[in-house]
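What follows is each chain in one-letter form.
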Amino acid sequence: MECVVLAAGEGKRMRPLTARRPKVMLPLANRPMLEHLVLAARDAGITDFVFVVGYGEREIRRHFGNGSQWGLHIFYAPQRQQLGTADALRSVRDFVTGPFLTMNGDMIIQNQDIARLLAQTPPCMCTSTTDHPQDYGVVMVENDIVTALEEKSPHPRSTLINAGAYLFTLEIFNLVDRVQLSSRGEFELTDALNVLIAGHQLQALHLSAWMDVGNPWDLLDANSTLMASLLPENHGTVEQGVILTGTVVIGQNTVVKSGTYIEGPCIIGENCRIGPHAYIRGATSIGDNCHIGHCTELKNSIIMAKTKIPHFNYIGDSIIGSGCNFGAGTKVANLRHDHAPVRVGGTDTRRIKFGAIIGDGVQFGINCSINVGSVVGSNAMFAPNSSIEGWYGENATIR
Amino acid sequence: MKRLQAVILAAGEGKRVRPLTWSRPKAMIPVANHPIIEYVIDALRKNGIRDIIVVVGYRKEQVTRFLNQFDLPLRVVVQEKQLGTAHALLQAEPEIRGDFLLLPGDNYIDPHSIGRIARVPDAVLVKEHPNPSNFGVVLLDEGEVRSIVEKPEHAPSFMVSTGIYSLKKDFFTFIGANDITDAVAAMLGTGRRIRAVTADDWQDAIYPWDLLKMNRRLLAGLLAAQEGLTSRHATVQGPVRIGKGTTIGPHTVITGPVIIGNDCTIGPNCCILPNTSIGSRVTIEPLTMIGNALVMDDVTICSNSRVVDSVIGERGHFADHMSVSTIKGILEIEGNPVRSEFGAIIGDNVKSGPFTLCRNCIIGNNVILEGTNDVISRVIPDGSVVI
């Protein structure tokens, strides 16, 4: 059976992190989000994948190739314009031969659940529950049959939502062909599903665990969830006088220098230099070729590859792109004085503690102060002592 | 599902907003750095209304060129002569299939109000206004319109029509004269009912100084975003949006809400006070202060100037020590005396020499002020030279 993965969108809400990569290539526990999904499907017995790709196709192809590295067959169905999920499915028609699995590329799902889905009679849709159903398609279910589906209703009728994983038969192609442009200007899969629902044909399967990543701050939750199942590994060098507690994974050629204290879960990539005297708290993931130096404290953050946080820095509850350089003493605040939820660009993160979202290749001078909820675009540059607050575009400069 | 269509009227010049409508129709005047019609289109799009017909006329090429950049199936129909709003709507008749919204392209309307009127066929969006005589005044009875009079001398109520209607295709059968208000009155005459829906937020600009109020309203929801190059010695506080390629010099103080376009040069030592919109490629020389103002593209304001409560058209060049202050006055607009209180309304391509003073004055397009002039409560016609 083939598994179709919808991975063509940029993920505009993830900007500026998607400047150089599509959303599904954002790292969680040091692997692209999409790789976690593919591995879960593989563990459920799937070997043939069709990726619908568009924005950032090159990055996805470069990482996954033909899939032989994982013992898989991966095919690519390019969707040149992102015209919606129904249009994305149209592009895979020539790749599938019988009943097939379809999944959104930006979610975390367990292999046991995928196995259960494979055992269902198609067509079948997976459901999950959430405490903010207004952001999703809300589902009504009776006797395991979907009776209604409402997109992003401001007054949702239940907390049960469409999880974005389906088992379809080839009949779905006839339905997506008939989908008209919606009021949002897209060809939406929901319209095809509604035809199935009207005929009482769409089964529902409730997932035991599910997580989707809509906004940048959701990456932190997904990251810590995925790191909870890690086992300690050390492929690098840990000097004497280093204390490791909890689960710590250290990649090849990485050196953890004396005096460093790491509280897991923590994953550190290859060729990193950590310490001396760094303090890394869970759940933090650090990509390849990073430098976390003397007297630097990191907490619950995602640090992408080639970023340098070398002296006297503090970063908490933040997402830092690749190739950034933090000047000595530059710090990120992650808590408001009034302990109110942090807002990012006018959106409530529903998090009391949240730091900043920093794009790729950003350079901070020494002693910069980055306030809670700041967003910094790629290749921005900041003079020493800058006070950084709010939203900075690509190449913004304080000099 | 039947899709609601929308017709935007953007054919009129907006004579009372002259001199600013010399080179653009009123709907294309940039407020908070976007043409007014763009806010109307955005409000429709936020409500999922994408099937939009725009009636163009005055300077139609300019409007069409602007509309082409949208990723929407916008259709343009031309009203060759600006004979009235109903005549404009008639031009769109062949494109209309069923229920539709009718909106003026030169007013701001909040998306929520559109969402509410879109659900009611045969309805008008109304709002109280302190000067109802400039609008179609409506008399209401239990949420329905009893009568509507266009621009009455003595208004029977303060409730006015925003010009935004939700209509059925058969509305065209009521169009006799050239104004929408007449057609609505004819419709009421046959016993058909029209619901009145109250707008949350609506802004029209009758006179050019009303644009400042609209500017203030549209800047209220501004999200801070900085691009370009800002000196570390500049102070930027409140919601301030600075575009790509713009340089903010040292010791400049910007207090939001302020929007600044791309490729501007501001400062050093300038002061930009709240409710100011500055277009692209604008130069503000050192020691100049600007507040509550709308400055369009390619303007240069030289050093030691003070510009407040003003609208400044494109490509103006104002030499050093320009001083604008706000006083009350009476100006003649389209033959009628109108009370106002503002600094200066300046058309496109105006040049002024050093030490020009402006108080409550309207300066036409291509005017040259040679310098050390003191212009008080006057309307200077297009192309004048003031010595």
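Residues numbered from 1 in each chain as written. Chains lettered and ligands numbered in written order. Predicted model: local features only at pLDDT ≥ 70, side-chain atom pairs only at ≥ 80, totals over all residues.

Asks: So what's going on with the overall build of chain B? Which residues, and what values?
Replies: Tallying secondary structure elements over chain B gives 6 helices and 39 strands in all. Relative to a compact globule of 387 residues, whose C-alpha radius of gyration would be 21 Å, chain B shows 22 Å and is just as compact. Here chain B holds 387 residues, and the buried ones make up 49% of them. Considering only residue pairs separated by 6 or more positions, chain B has 47% of its internal contacts joining residues 24 or more positions apart. (Helix = DSSP H or I, 4+ residues; strand = E, 2+ residues; numbered from the N terminus. Rg over C-alpha atoms; globule rule 2.2 N^0.38 Å. Buried ≥ 20, exposed ≤ 12 C-beta atoms within 10 Å, placed from the backbone. Contact = placed C-beta atoms within 7 Å.)

Asks: How would you sum up the overall build of chain A? Please name residues and give values.
Replies: Looking only at helices and strands, chain A features 7 helices and 41 strands. In summary, chain A has a C-alpha radius of gyration of 22 Å against a globular reference of 21 Å for 399 residues, a match within 12%. When its C-alpha atoms are laid out on the principal axes, chain A stretches across 65 × 40 × 35 Å. Looking at chain A as a whole, 51% of its 399 residues qualify as buried.

Asks: Go over the interface of chain B and chain A, please, and point to the residues and values.
Replies: With 13 residues of chain B at the contact, the number on the chain A side is 16 residues. Elements with a contribution of two residues or more to the side of chain B that touches chain A: strand S14 (225-226) and strand S15 (229-230) of chain B. Looking at the side of chain B that touches chain A residue by residue, the class counts come to 4 nonpolar, 5 polar and 4 charged. The pairing of strand S41 (residues 397-398) of chain A with S15(B) spans 2 bridges and is classified as parallel. In the sheet register, Thr397(A) faces S15(B), and the bridge partner there is Leu229(B). (Nonpolar A, V, L, I, M, F, W, Y, C, P; charged D, E, K, R; others polar. Pairing = 2+ DSSP bridges.)

Asks: Residue-level account of the domain arrangement of chain A, with values.
Replies: Residue and element names in this part refer to chain A. Partitioning chain A into structural domains gives domain 1 (2-214) and domain 2 (234-398). Using C-alpha coordinates to define each centre, domain 1 is positioned 32 Å away from domain 2. A per-class count over the side of domain 1 that touches domain 2 returns 5 nonpolar, 1 polar and 1 charged. (Domains from an automatic or database assignment.)

Asks: Would you mind going over the packing of helix H3 (residues 85-92) of chain B against helix H5 (residues 180-189) of chain B in detail, with residue names and values included?
Replies: Residues and elements named next belong to chain B. Direction vectors running N to C along H3 and H5 enclose 85°, while the axes themselves pass 6 Å from each other. It follows from the interaxial angle that H3 and H5 lie roughly perpendicular. Mapping the contact onto sequence places Thr85, Ala86 and Leu89 in H3 and Ile180, Asp182 and Ala183 in H5. Tallied by class, the residues present in the contact of H3 with H5 amount to 4 nonpolar, 1 polar and 1 charged. (Axes fitted to C-alpha atoms, helices over the stretch in contact; angles between N-to-C directions. Parallel < 35°, antiparallel > 145°, perpendicular 65-115°, else oblique.)

Asks: Which residues make up the domain arrangement of chain B, and what are the values?
Replies: Residue and element names in this part refer to chain B. Under the domain assignment, chain B is made up of domain 1 (5-206) and domain 2 (219-386). Put simply, the middle of domain 1 and the middle of domain 2, counted by C-alpha atoms, are 31 Å apart. Contact with domain 1, which involves 10 residues of that partner, is made by 17 residues of domain 2. Of the residues that constitute the side of domain 1 that touches domain 2, the class distribution is 6 nonpolar, 2 polar and 2 charged.

Asks: Explain the nonpolar core to me, using residue names and the numbers behind them.
Replies: Formed by 249 residues in total, the largest nonpolar core has its most connected members in Val5(A) and Val52(A). Contacts of Val52(A), omitting those with residues within four sequence positions, involve Val4(A), Val5(A), Leu6(A), Ala7(A), Ala8(A), Ala77(A), Gln79(A), Ala88(A), Ser91(A) and Val92(A). (Core = buried A, V, L, I, M, F, W, Y, C linked by C-beta atoms within 7 Å.)

Asks: Can you explain the environment of Val375(B)? Please cite residues and give values.
Replies: Residues and elements named next belong to chain B. Locating Val375 in the fold gives a position in strand S37 (residues 374-376). Distance in space between the C-alpha atoms of Val375 and Asn360 is 8.1 Å, their sequence separation being 15 residues. Apart from the residues lying within four places of it in its own chain, the contact partners of Val375 are Leu357, Cys358, Cys361 and Ile380.

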